[in-house]
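# Report on the structure
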Amino acid sequence: MDLIIGGAFQGKRDFAKRKYHLTNEQVFTCTAQGEPDFSVPCIAGLEEFVFYCVESGKDAVAIIKAHHAAWENSVLICNDIFCGVVPMEAENRAWREETGRLCAYLAGEAKEVYRLFCGLEQRLK
Amino acid sequence: MNIFICGGCKNGKSSLAQELAVKLAQGEKHYYVATMIAGDEEDHLRIKRHVKDREGMGFETLEIGRGIAACLTEDAAESTFLIDSVTALLANEMFHDNITDAGALERCTKGLLQVLEHSENCVIVSDYLFADAVRFDALTEQYRCALAALHRTLANVCDTVAELCADTVVIHKGELPQ
């Protein structure tokens, strides 16, 4: 698995499509409504899946771990919402921390980790 | 040479940009293009602090809140321009006269590319506002999306892209002038 992180609108998805020759159909975009389709080659917007977990009292990292076999050869994309200001609302604080925890776990599992900044990639691992 | 500097607030972006602009100018004319339009006492204080910071560095200050290409002087082709900041420029272009101006991104992109093309050297400063765990309102999100698009364009065309993080420089592209 390769992990791509970076702030909002930094060009993470474009980079993934370019690097791994993915079509739009091969990229699943998470929503705050439920779990993603773990069988696709690329899962984007993991922070939205985490938001869903926080809202419904589920453990995002545990769910991801349970699907390890499904994504171990995939490309995962997550917005690094954990670098900004600590939010006022408890729910957003939990969202931020859980997303940080998830990325730390995924970065450990990943073969390669990239961070996108202003459309430019930086290889972290 | 064109350099794009981006990072969080109060990390030393402006100081680094001033230092680099003076270095690039090599004794030639260098302009400090201030894009902030002071709205209140806090802004005036911030501006005062910046003016004091660059005292004795030989900058001529141009105040341009909108229509950035207007900074291009007669001697632009031999001059160095420090534009501080894209963040304020886009805000001025987008939010004025109680409207949200849909043409702001296009005007900023065109204007900044024009300045890059017609000047000898350019150092452009912007803020990184993309790492928060907050559901922003539609207007803020529209602004952040446009600002990020500007950043991607600038990072693509500039020779050097530097990120400032706690006064530490991370080079994402090219190199800094020696």
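Residues numbered from 1 in each chain as written. Chains lettered and ligands numbered in written order. Predicted model: local features only at pLDDT ≥ 70, side-chain atom pairs only at ≥ 80, totals over all residues. Heavy atoms only, no water.

Taken together, the contacts link 21 residues of chain B with 26 residues of chain A. Both sides together, the interface formed by chain B and chain A hides about 1,900 Å², and carbon and sulfur atoms give 61% of it. Counting the surface chain B buries against chain A, the share from its top three residues, A133, R135 and H172 of chain B, is 34%. Viewed at the interface, chain A and chain B are joined by two salt bridges. Taken together, the connections running from chain B to chain A amount to six residue pairs in polar contact (both at pLDDT 80 or more). Mapped onto the side of chain B that touches chain A, the elements with two or more residues apiece are β1 (2-7), α5 (138-157), β8 (160-165) and β9 (168-173) of chain B. No other element matches α5 of chain B, which puts seven residues into the side of chain B that touches chain A. Taken together, the residues of the side of chain B that touches chain A break down into 12 nonpolar, two polar and seven charged. (Contact = heavy atoms within 4.5 Å. Buried area = accessible area lost by both parts, 1.4 Å probe. Salt bridge = Lys/Arg side-chain N within 4 Å of Asp/Glu carboxyl O. Polar contact = N/O pair within 3.5 Å; in protein donor to acceptor, adjacent residues only side chain to side chain. Helix = DSSP H or I, 4+ residues; strand = E, 2+ residues; numbered from the N terminus. Nonpolar A, V, L, I, M, F, W, Y, C, P; charged D, E, K, R; others polar.)

Our next topic: the environment of S79 of chain B. Residue and element names in this part refer to chain B. Residue position: S79 is located in the loop between β3 (59-63) and β4 (80-84). Residue class for S79 comes out buried when judged on its relative accessible area of 1%. Separated by 58 residues in the primary sequence, S79 and A21 place their C-alpha atoms 10.0 Å from one another. For S79, the contacting residues outside a window of four places in its chain are K29, Y31, S119, E120 and N121. (Buried < 20%, exposed > 50% of the residue type's maximum accessible area, 1.4 Å probe, protein only.)

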